[in-house]
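Single-letter residue listing:
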Amino acid sequence: MPRRSGLIGALVALLVLLLGASANATAHTARSATAATAADTAAAADCRVLAPGASAAAESAVAAACEQVAAGVWYSWGGGHGPQPGASYGQVDPTDPASEHDPERRGFDCSGLVRYAYARAAGADILNGPADTQYYTHRAAARFAAGEGLAPLLPGDLLAWGTSSHLHHIAIYLGAGRMVEAKQSGTKLMVSDVRLDGDYHGALRVNTGPVTGHVFQTWGTGVWTKAAPSVSAARVYAFPGPTTIRVACQKHAETVTSDGYTNDAWSYLPDYQAWMTNIYIKGAAWLESVPTCTS
């Protein structure tokens, strides 16, 4: 009997230990869920216009993005790029293992969120496309170089990261050094401190009203803009396909022959701070109503 009693006692002790561990695990899980909920609530509360001076449209864009933060919407690679602005199921990013669940998550990637926010603000789909297209939009009311920092920015301005030929991330400024963004797979939409280090490229203010200036359409694919009006000049950015552009002025410079056309006219594109041969701009060889560049 003493041996049996000792065995029973040991079993009882083990059972108590296991029940205690289970209770601790349950409590830990509950605390983790509570902490996550609290973090989400704090992020949503912090997502708002944090400085004065923005236009009503810009504040509306911030509000639209922050609604998605409050709703706990996921980052999803490729999300937000459906036929209409709004959350959509994403894709697997072949460069990011964390994106394996993105096809199951209805959400936004960085440019999908910007597209949705400004479509809500403008009442039209004015920023459809990836970060490159959004940053170089002909709807830019103002642009700010990386070296200018945050001082000239207002809530609703768009911040971009990457190089002139490839911008890989874009976010919406809130003011006070904060931004709302769809950052990366495995996370939800969030409010973050603005990251001015690394490859921060610059910012722009979006014009949601009528577009001013000389507006044209390009044609062709993979057409490079240049740092100077010459085919040998440094490349700045390649248009993936037909694009709406603003032309500031044009000049006669190096003669170019391409796709069956020959022309020596080049146009300066202020949104790209670059030149483009007029061959790939729809219209006459010398664009009507566009002034001659003075330098």
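It should be emphasised that the depicted structure is a prediction, and the values quoted were computed from it without experimental measurement.

(A) Broad picture of the overall build of the protein chain. Helices and strands together make up the secondary structure of the protein chain, namely four helices and 16 strands. Across the 295 residues of the protein chain, 43% fall into the buried class. At a minimum sequence separation of 6, the contacts of the protein chain that also span at least 24 residues come to 60%. Accessible surface, the protein chain as shown: approximately 14,500 Å² in total, 58% of it carbon and sulfur.

(B) Representation of the sheet that holds strand β7 (residues 178-181) within the structure. Pairing in this open sheet of six strands is antiparallel, and the strands run β4-β9-β5-β6-β7-β8 from one edge to the other. Because the sheet does not close on itself, it has two edges, and the strands there are β4 (140-145) and β8 (190-193). Strand-to-strand twist of the sheet, defined as the mean angle between neighbouring strand axes without regard to direction, takes the value 35°. Of the strand pairs in this sheet, strand β5 (residues 158-163) and strand β6 (residues 166-175) are connected by six bridges, and their pairing is antiparallel. Directly across from T163, in β6, lies its bridge partner H166. Its contacts with the sheet place helix α2 (residues 56-70) against β6, β7 and β8, and it is angled at close to 100° to β6. Strands β5, β6, β7 and β9 (200-206) of the sheet are contacted by helix α3 (residues 110-122), whose axis makes an angle of about 45° with β6.

(C) Region of the structure containing the confidence of the model for the protein chain. With 85% of its residues at a pLDDT of 70 or more, the protein chain has an overall mean of 90. This model gives residues 25-33 a pLDDT under 50, and the stretch forms zero contacts once residues within four places in sequence are excluded.

(D) Representation of the state of the cysteines within the structure. Counted by the stated rule, this structure contains two disulfides. At a sulfur-sulfur separation of 2.1 Å, the disulfide partner of C47 is C66. Judged by the sign of its S-S torsion, about -80°, the bond between C47 and C66 is left-handed. One end of the pair, C47, is in the loop between α1 (2-46) and α2; the other, C66, is in helix α2, and 19 residues separate them in sequence. Taken individually, C47 and C66 each receive the classification buried, so the pair is uniform in this respect. Linked covalently through their sulfurs, C249 and C293 form a disulfide whose S-S length is 2.0 Å. Judged by the sign of its S-S torsion, about 95°, the bond between C249 and C293 is right-handed. With C249 in strand β14 (residues 249-258) and C293 in the segment after β16 (274-277), this residue pair connects regions lying 44 residues apart in the sequence. Take C293: its relative accessible area is 12%, and that puts it in the buried class. Sequence-ordered numbering of the disulfide-bonded cysteines in the protein chain gives the connectivity 1-2, 3-4.

(E) Inspection of α3 at higher detail. Helix length check: α3, at 13 residues, gives a terminal C-alpha distance of 19 Å against a target of 18 Å (1.5 Å per residue), a fit within 8%. Within α3, eleven of the 13 residues are buried, which leaves the element mostly enclosed by the surrounding structure. Those residues of α3 that sit buried are C110, S111, G112, L113, V114, R115, Y116, A117, Y118, A119 and A121. Just downstream of α3, G123 is the residue with a positive phi angle, here 75°.

(F) Region of the structure containing the packing of aromatic side chains. Counted under the stated rule, the structure contains eleven aromatic pairs. An aromatic cluster is defined as three or more aromatic residues linked by ring pairs; in this entry it consists of Y135, Y136, Y237, F239 and Y272. Lying across the ring of W74, R105 places its NZ or CZ 3.8 Å from the centre. Against the face of Y135 rests R143, its NZ or CZ located 5.1 Å from the ring centre.

(G) Representation of the pairing of β14 in the model. Bridge count for β14 against strand β15 (residues 261-269) is seven bridges, and the pairing is antiparallel. Paired with T257 across the strands is T262, a residue of β15. Hairpin connection from β14 to β15: two residues lie between these consecutive antiparallel strands, with D259 at a positive phi of about 50°.

(H) Highlighting the environment of Y136. Relative to the helices and strands, Y136 resides in the loop between α4 (131-135) and β4. C-alpha separation for the pair Y136 and P270, spaced 134 residues apart in sequence, amounts to 9.3 Å. Apart from residues no more than four positions distant in its own chain, Y136 is found in contact with R143, S164, L167, H201, Y237, D271 and Y272.

(I) Seen up close, the pattern of salt bridges. This model, assessed by the stated rule, comprises eight salt bridges. Residues R120 and E67 are paired through a salt bridge, measuring 3.2 Å at the closest nitrogen-oxygen approach. A residue pair is termed long-range when its members are at least 10 positions apart, and R120 in helix α3 and E67 in helix α2 qualify at 53 residues. According to the relative accessible area criterion, R120 is partly exposed, its value standing at 40%. Relative accessible area serves as the criterion here: at 42%, E67 is assigned to the partly exposed category. The residue D271 makes a salt bridge to R246 at a minimum N-O spacing of 2.7 Å. On the criterion of sequence distance, the pair formed by D271 in the loop between β15 and β16 and R246 in strand β13 (residues 244-247) is long-range, its members being 25 residues apart. Accessibility classification places D271 together with R246 in one group, the buried group.

Calculation rules
Position labels on residues start from 1 in each chain and follow its written sequence. Two thresholds apply to this predicted model, a pLDDT of at least 70 for residue-level local features and 80 or more for giving and counting side-chain atom pairs, whereas whole-chain, interface and lining totals are computed over all residues. With hydrogens and water stripped out, all remaining heavy atoms of the structure feed into the side-chain values. Only DSSP runs of H or I with at least four residues qualify as helices, and only runs of E with at least two residues qualify as strands; both kinds are numbered from the N terminus onward. Remark: exposure states derive from per-residue accessible area (1.4 Å probe, protein chains only) relative to the maximum for the residue type, with buried under 20%, exposed over 50%, and partly exposed in between. Contact criterion: two residues are considered in contact whenever any of their non-hydrogen atoms come within 4.5 Å of each other. Only the protein chains shown count as cover for residues, and all accessible areas are computed by the Shrake-Rupley method using a 1.4 Å probe. Strands qualify as paired when DSSP identifies two bridges or more between them. Convention adopted: a line fitted to C-alpha atoms gives each axis, helices being fitted over their contacting stretch, and angles between N-to-C directions are expressed from 0 to 180 degrees. A residue's pLDDT is simply how confident the predictor is in it, with values from 0 to 100. Throughout, disulfides are identified as pairs of cysteine sulfur atoms within 2.5 Å of each other. Each residue after the first adds 1.5 Å to the expected span of a helix. Think of it this way: a Phe, Tyr or Trp ring, Trp meaning its six-membered ring, pairs with another when their centres are within 6.5 Å, and the plane angle makes it stacked under 30 degrees, edge-to-face over 60, tilted otherwise. Over a ring means this: the NZ of a Lys or the CZ of an Arg is within 6 Å of the ring centre and within 35 degrees of the ring normal. Whenever a carboxyl oxygen of Asp or Glu lies within 4 Å of a side-chain nitrogen of Lys or Arg, that contact is scored as a salt bridge.

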